[in-house]
Amino acid sequence: MYPQQIIDALRHVRYPGTGKDLIESGMLEDDIRISGFEVSFSLIFQKDNDPFIKSVVKASEAALQTYIDPNVTAHIHTKYRVENPKSKEESPKIAAKHILAIHSGKGGVGKSTVTANLAVALAQASYRVGLLDADIHGPSMPKMFHTEDCRPYSVEENGRTLIEPIEQYGVKMLSIGFFVSPEQAVIWRGGMASNAIKQLIEDAHWGALDYFLIDLPPGTSDIHLTLIAELHLTGVIVVTTPQPVALVDARKGVEMFRNEKVNVPVAGLIENMAWFTPAELPENKYYIFGKDGGKALAEELHIPLLGQIPLVQSIRESGDEGTPITLQSGHPAAAIFAEIARRLADN
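Since this is a predicted model, take the numbers as computed values, not measurements. (Residues numbered from 1 in each chain as written. Predicted model: local features only at pLDDT ≥ 70, side-chain atom pairs only at ≥ 80, totals over all residues. Heavy atoms only, no water.)

Comments concerning the nonpolar core
One broad trend across soluble globular proteins is that nonpolar side chains are buried collectively. What counts here: To form a nonpolar core, buried Ala, Val, Leu, Ile, Met, Phe, Trp, Tyr and Cys residues must be joined to one another through side-chain atoms within 4.5 Å. Working definition: with a 1.4 Å probe on protein chains only, accessible area under 20% of the residue-type maximum means buried, over 50% means exposed, and in between means partly exposed. Each helix is a run of H or I in the DSSP string that is no shorter than four residues. Each strand is a run of E no shorter than two, and both are numbered from the N terminus.
Grouped together as the largest cluster of nonpolar side chains are 76 residues, with contacts concentrated most on Phe-212 and Ile-214. When residues in this core are grouped by element, the largest group, eight residues, is from helix α3 (residues 111-124). Within the second largest apolar cluster, 24 residues are counted, among which are Val-13, Leu-28, Phe-41 and Ala-74.

Following this line, the structure appears as structure tokens:
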């Protein structure tokens, strides 16, 4: 073997966060060592909590064995451009292993329904889950979790007064909906909305979490920029329907987070309302909004497709009743959300 073979093989491996191959992305360190069929080198990632480290390393090993020789043994080391972007003295704003924002380019694609069920699915898998409803102007989590009448109370910790999140179905949750009347419209300028979100993050007693999910408002706004600036996001999940109008906005969302100034990895795409299956014809699939649009977009942009969720009446009904469908262990839709949660955890 010689170094150029290794470089050429790694051109076949794409980094999911940007869609570019490892060489184009400048991720291969100049430290290749070869001894017979054994090779060692380092891959450089942007952050030490990059969600794609394991998958990229595995894909690199497979590429060497596929494009050079099946007997190649690779010893791949990982390095980080920024091991910890925050000051060592600065305490984290929230003690979560993974902070994931759930985004949709447009409203009406079921982003909040997906977020609620994903949170419950992760909790059912024994993860510690927090959920922030950051959709200031259209908070829906209180209804989806049947907690509309709940009001958070304050607790004292280390001389600070903190908001105690509402816990339901194993998920700790805060929403602006807990602090305003359901009939009251929230008419706030961008700065007021951003400050409210910052308070729900920084002045809340979240405790230690495995996953902190943020249900973003649709589109792009000051709230998105505030969260990116305030939190070290692990990644973003994009929700779309397969119809072209939704895909155009989903593509814009992916490109926004991939922008060099934003630089948040896209952890995956979820295609909602992928098809309709009537209860009386369980084997039939009707592609009301188009077929595999989200799947095709994920392949084109080289991001993981976490799952395709069918258009099912009981998903809508359970959300309106405040009992996410994932709570029904025998329901086929619950199994889909459980699989999405598993894929996300694996990534």
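Remarks on the pattern of salt bridges
Worth spelling out the cut-off: Salt bridge criterion: a side-chain nitrogen from Lys or Arg within 4 Å of a carboxyl oxygen from Asp or Glu.
The full count for this structure, using the stated rule, is 11 salt bridges. Here Arg-11 and Asp-8 are joined by a salt bridge, their closest N and O atoms 3.8 Å apart. Between Asp-320 and Arg-316 there is a salt bridge, and its shortest N-O distance comes to 3.1 Å. A residue pair is termed a helical-turn pair when its members lie 3 or 4 positions apart in one helix, as Asp-320 and Arg-316 do in helix α9 (residues 313-321) at four residues. Asp-320 sits in the partly exposed class, given a relative accessible area of 39%. Residue class for Arg-316 comes out partly exposed when judged on its relative accessible area of 48%.

Structural notes on unusual backbone geometry
The backbone phi angle of Met-273 is positive, close to 55°, even though this residue is not glycine. Within the fold, Met-273 resides in the loop between β12 (266-271) and α8 (293-301). Taking relative accessible area as the criterion, Met-273 reaches 18% and is therefore assigned buried. Residues other than glycine seldom take positive phi values, yet His-302 does so here, at roughly 60°. Using a relative accessible area of 30% as the deciding quantity, one classes His-302 as partly exposed.

A word on the confidence of the model for the protein chain
Any residue range with low pLDDT should be treated as having predicted coordinates unsuitable for detailed reading. Here is the rule: The score called pLDDT rates the predictor's confidence residue by residue, from a low of 0 to a high of 100. Only heavy atoms enter the contact rule, under which two residues are in contact if any of them lie within 4.5 Å.
On average, residues of the protein chain carry a pLDDT of 87, and 93% of them reach 70 or more. Across the protein chain, the secondary-structure element scoring lowest on mean pLDDT is helix α6 (residues 222-230), at 72, and the one scoring highest is α3, at 96. Per-residue pLDDT stays below 50 along residues 84-91; that stretch engages in four contacts with residues further than four places along the chain or on separate chains.

Regarding the packing of helix α1 (residues 3-10) against helix α2 (residues 53-67)
Going by this rule: Fitted lines through C-alpha atoms give the axes, limited to the stretch in contact for helices. The angle between two N-to-C directions lies from 0 to 180 degrees. Between 65 and 115 degrees an angle is taken as roughly perpendicular, under 35 as roughly parallel, over 145 as roughly antiparallel, and anywhere else as oblique. Rotating anticlockwise by less than a right angle from the far helix to the near helix defines a left-handed crossing, while the corresponding clockwise rotation defines a right-handed one. When residues are grouped by polarity, Ala, Val, Leu, Ile, Met, Phe, Trp, Tyr, Cys and Pro land in nonpolar, Asp, Glu, Lys and Arg in charged, and all others, Gly among them, in polar.
Orientation of α1 relative to α2, taken along the N-to-C sense of each, is 120°, at an axis distance of 9 Å. Between α1 and α2, the interaxial angle falls into the category oblique. Here the hand of the crossing between α1 and α2 comes out right-handed. Counted together, Ile-6, Ala-9 and Leu-10 of α1 and Ser-60, Ala-63, Leu-64 and Tyr-67 of α2 form the full contact between these two elements. Its residues assigned to classes, the contact of α1 with α2 shows six nonpolar, one polar and no charged.

What about the pairing of strand β4 (residues 96-103)?
To keep it simple, the criterion reads: Between any two strands, pairing holds if DSSP finds at least two bridges.
Across the eight residues of β4, six count as buried, placing the element largely inside the fold. Bridge analysis of β4 against strand β11 (residues 235-240) gives four bridges, and the strand direction is parallel. Across the sheet, Ala-101 pairs through a bridge with Val-236, a residue of β11.

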